[in-house]
Amino acid sequence: LSTMGTETMTFTFKLSVALGANAILRVSGFKWDSTGSYPTIAVGGTNATIFNSTATFDQQTYTYVNLKLTVAADQSIAANTDVIFSIAKVQPCTAYVREKLVSADATIPIRPATLTATSSTEYPRNLWSDITVTQSNSTPAADNSLSFDLVLPWSEDTSKGTITIGNLKGTGTPDSTPLEPFEVDLHDGDRFISTGVWKQLDGTLTFTVDRGLSFSIFFTIKLKNPSTKVESRFPTVSMSFPGYWYSPTISFYNAILGSGGYWVTASVEESSRVNNVANTLTFSFKPSIALVSGQKITIAGLTGSQTTSQTLAIAGTATTTVGSSGDWTQATGTLVLTLGSSMLSSATAELKVTLRNPLVAQAAVMPTVSASTSEIMVTETLRHVLGGTAAWTTLSVVESTAVPSAVNTLTFSVQPSVDLASGQVFSITGLVDDKRSDSDTVRCGGVKAEVASTKGYRTSWNQGILLVTTSAKLMASSPTVFMLTLNNSASPVPPKFPSISFAPELIPSQAFPPEPILGAGGGFWKSLAITESVLTRYADNILTLTFQPSIALAASSVITIRGLEGSHTISNSAFAISGAASAIESTANWDQGGTLKLTTLAINAGTTITITFVLNNGEGQEPRTARISASESFFAEQIVPGPVLGSTTSWDSGSTCSESSQAFGGLNTLTFSVLPRVTTLRAGTIITITNLKGSTTPSNTTIAIGGPAAATFGSTGNWDIGGTLTLTLE
């Protein structure tokens, strides 16, 4: 999200669950600089028709507003599908930058927009719009006034609930101390009930709140600092209003209760995940206190690299303080930098270092950064790097029952292509129909104790996301099996397609095949396919659709196929359908916007239905992906494999590229096999192959082309060392 400025703002999002008609989405984070009324604003972009034609702004706080969109009455948003919309500049509404980040630093990021969504009958599960904490004193054993400012996307009058501040460990304040908030400002009255419940050992402080929550909650409490110098801590906040909403536990950006410093900014990015190539790691650092000459910064945990121990060259703005090299130790993956001058707390320093990636894929590592100072400096853990590319080679999930309200045991089998070390965390998402709260214990048991203890364990559970922590190595040599016990919904619902995610830098998120779960008797499509007869522009195209419902569909049910945009066939409420005469009525409702609605006569569970219909290809477009759903509210909408109506020039999915060698510095013959999705490409057509970056072959306007099709291109091409090969058809 960039500033509003004079630009059109384009938003792209993907939901893990489907949203129906009249669902409301809010994008928070806009600052309102006027006392005037809120305007309406036109909704544009690729998927504008999903929403009502205009959006509005509604109050978030006294200064900030939400952009509010409503899904149209005849539309819905499918799960796991990109949705794109845009709005134009609106004055006096501007983008909001976090106050804590405002400085002269030109690299200050804009505050990210927060997207929330709700059906027309449910409260949203809230995320904080902004949270800050400040302290009055960092001296050991001193009284320390901690001021918390919590900002919500909107207010709500609800029943009583709680707000919990966590990770306040190490203080000298005993349990018996009454912690009554003072300097309380909730804008519309004091809603705290009595004093907070303080637990010194756990470092948690819980307040009971009456009559819901206001837009902004500001309060101060007093704790005694630890008696000796310790690392500063990042406190957490969560809230729960049973039956209405709750928030996941998240950390503040500020560290407190310590006498030393912490990293305001600490991050790392890498240039390549390809095995056995040079990988430039770019680190960004900004300490909360100045680091002085002679002190050291240590980056540890970069194990697995092929770069041998040496004095390693570095680049970037950090060289003005740490010089042009550092001491690199391959075995421990440690880079030690010695400051020659002060690293100030007012600016972000950038450091670039190049390491060679592992020869074969490994579990990505999470490096840490620390500093040796006269004070205590918090060690920061950074994102995964040096992982190469990997995948889940085995994935399956089976449920024990689909009976509504029954106890359902889900059996998962997972196997990564690389070993994952002990203590790694992976998540399973999409289990959205279980009503278990965050505080519940998820009962797990399985054949391998590395993943699931037979005694059970607490997990981070929030809106259908289960985090699993390995207590031993997760092996690439064999599948690991574990089980999860959940309660099915009380009535049938659309079955869910869960997916598994580790670190995206190592293993991309993948869906569990083959069938969805947690439908409590709800239906899904067991088999789906669509094919077409011709790719020629403006030609009549015979489309053949095959589907198989998992449950019976009653007479007069409506099956909706969306996503067939771009056809020249005009809308027709008596559109001809062939095949399956005993199951589907012979006429359907076709909307040129890309929607076909079929009416059933009656379809038994597990019956394979094949129909054909004719659409006229358009003037040229990328292939379209269809989605199919049924009118029953408990039936899942799914993507139909096989893009169609792509009457423009495009490449068949069977096009491939292979290489002859991965040896560093060696010659590598690349073999391309490409198939255009049109009958003929004319002479003079230019084909461009991009993203061949990293080769040391110099640019050459007549690079030699071999293979069976070489003569088609005159046996030469135009090669640019930036990674582009251009071929001209003769």
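Structure's up top.
A few points on the structure. What you see is a predicted model; the values in this text were computed from it and never measured. (Residues numbered from 1 in each chain as written. Predicted model: local features only at pLDDT ≥ 70, side-chain atom pairs only at ≥ 80, totals over all residues. Heavy atoms only, no water.)

Let us look at the packing of aromatic side chains. Per the stated rule, a full pass over the model turns up 12 aromatic pairs. Taking 5.3 Å as the distance between ring centres and 65 degrees as the angle between the ring planes, the aromatic pair formed by phenylalanine 412 and phenylalanine 512 counts as edge-to-face. On the criterion of sequence distance, the pair formed by phenylalanine 412 in strand β28 (residues 407–416) and phenylalanine 512 in the loop between β35 (510–511) and β36 (525–532) is long-range, its members being 100 residues apart. On the basis of relative accessibility, which here comes to 3%, the residue phenylalanine 512 falls in the buried class. When the ring of phenylalanine 575 is compared with that of phenylalanine 613, the centres are 6.2 Å apart and the planes differ by 65 degrees; the resulting orientation is edge-to-face. Within this pair, whereas phenylalanine 575 is found in strand β39 (residues 572–576), its partner phenylalanine 613 is found in strand β42 (residues 609–616), the two being separated by 38 residues in sequence. By the burial criterion, phenylalanine 575 is buried, and phenylalanine 613 matches it. One aromatic cluster is present, formed by Phe11, Phe13, Phe51 and Phe85 through successive ring pairs. (Phe/Tyr/Trp six-rings, centres within 6.5 Å; stacked < 30°, edge-to-face > 60°. Helix = DSSP H or I, 4+ residues; strand = E, 2+ residues; numbered from the N terminus. Buried < 20%, exposed > 50% of the residue type's maximum accessible area, 1.4 Å probe, protein only.)

So, on to the sheet that holds strand β37 (residues 540–549). Here 3 strands make up an open sheet; going across it, the order is β36-β37-β42 and the pairing antiparallel. Unpaired on one side and paired on the other, β36 and β42 mark the two borders of the sheet. On average, adjacent strands in this sheet sit at an angle of 15 degrees to one another, irrespective of strand direction. The pairing of β37 with β42 spans 8 bridges and is antiparallel. The partner of asparagine 541 across the bridge, within β42, is leucine 615. (Pairing = 2+ DSSP bridges. Axes fitted to C-alpha atoms, helices over the stretch in contact; angles between N-to-C directions.)

Here the focus is the pattern of salt bridges. Across all of its chains, the model carries 4 salt bridges by this definition. Linking aspartate 143 and lysine 224 is a salt bridge whose minimum nitrogen-to-oxygen distance equals 3.0 Å. Of this pair, aspartate 143 sits in strand β10 (residues 143–151) while lysine 224 sits in strand β15 (residues 216–224); the two residues are 81 residues apart in sequence, bridging distant segments of the chain. Lysine 224 gets classed as partly exposed once you look at its relative accessible area, which sits at 32%. With its nearest N and O atoms 2.9 Å apart, the salt bridge here joins glutamate 515 to lysine 526. Within this pair, whereas glutamate 515 is found in the loop between β35 and β36, its partner lysine 526 is found in strand β36, the two being separated by 11 residues in sequence. Taking the relative accessible area as the measure of exposure, lysine 526 reaches 40% and is therefore partly exposed. When salt bridges that share partners are traced, they join Arg562, Arg627 and Glu637 into one network. (Salt bridge = Lys/Arg side-chain N within 4 Å of Asp/Glu carboxyl O.)

Of all hydrophobic cores here, the largest spans 31 residues; its most connected members are Phe547, Ile559, Ile584 and Phe613. Where this core is concerned, the elements lending two or more residues are β36, β37, β38 (558–562), β40 (587–591), β41 (595–599), β42 and β43 (627–630). The biggest single contributor to this core is β42, with 4 residues. Not counting residues within four places of it along the chain, the set of residues in contact with phenylalanine 547 comprises Trp525, Ser527, Leu528, Ile559, Ile584, Ile603, Thr607, Thr608, Ile609 and Ile628. Ranked by size, the runner-up nonpolar core spans 29 residues in total, among them Phe283, Leu302, Leu335 and Leu355. (Core = buried A, V, L, I, M, F, W, Y, C linked by side-chain atoms within 4.5 Å. Contact = heavy atoms within 4.5 Å.)

Let us look at a nonpolar patch on the surface. On the surface, a cluster of nonpolar side chains totalling about 230 Å² of accessible area is made up of Leu670, Phe672 and Val674. Note that valine 674 resides in the loop between β46 (670–673) and β47 (686–689). (Patch = residues over 30% accessible without salt bridge, like charges linked within 9 Å, V, L, I, M, F, W, Y side chains within 5 Å. Areas by Shrake-Rupley, 256 points an atom, 1.4 Å probe, with all protein chains shown as cover.)

Here β38 runs beside β41; their pairing, made up of 4 bridges, is antiparallel. Note that in β41 the partner of isoleucine 561 across the bridge is leucine 596. Summarising the sheet, β40 and β41 pair through 3 bridges and their orientation is antiparallel. Residue pairing for β41: asparagine 589 is matched across the bridge by lysine 597.

Attention now moves to the sheet that holds strand β50 (residues 724–728). Strands sit in the order β47-β50-β49-β48 across an open sheet of 4 strands; the sheet is antiparallel. Strands at the two margins of the open sheet, each flanked by one partner only, are β47 and β48 (700–704). Across this sheet, the average inter-strand angle for adjacent strands is 30 degrees, counted without regard to direction. Pairing geometry for β48 and strand β49 (residues 716–720), over 3 bridges, is antiparallel. Across the sheet, the residue bridging to alanine 704 is threonine 716, located in β49.

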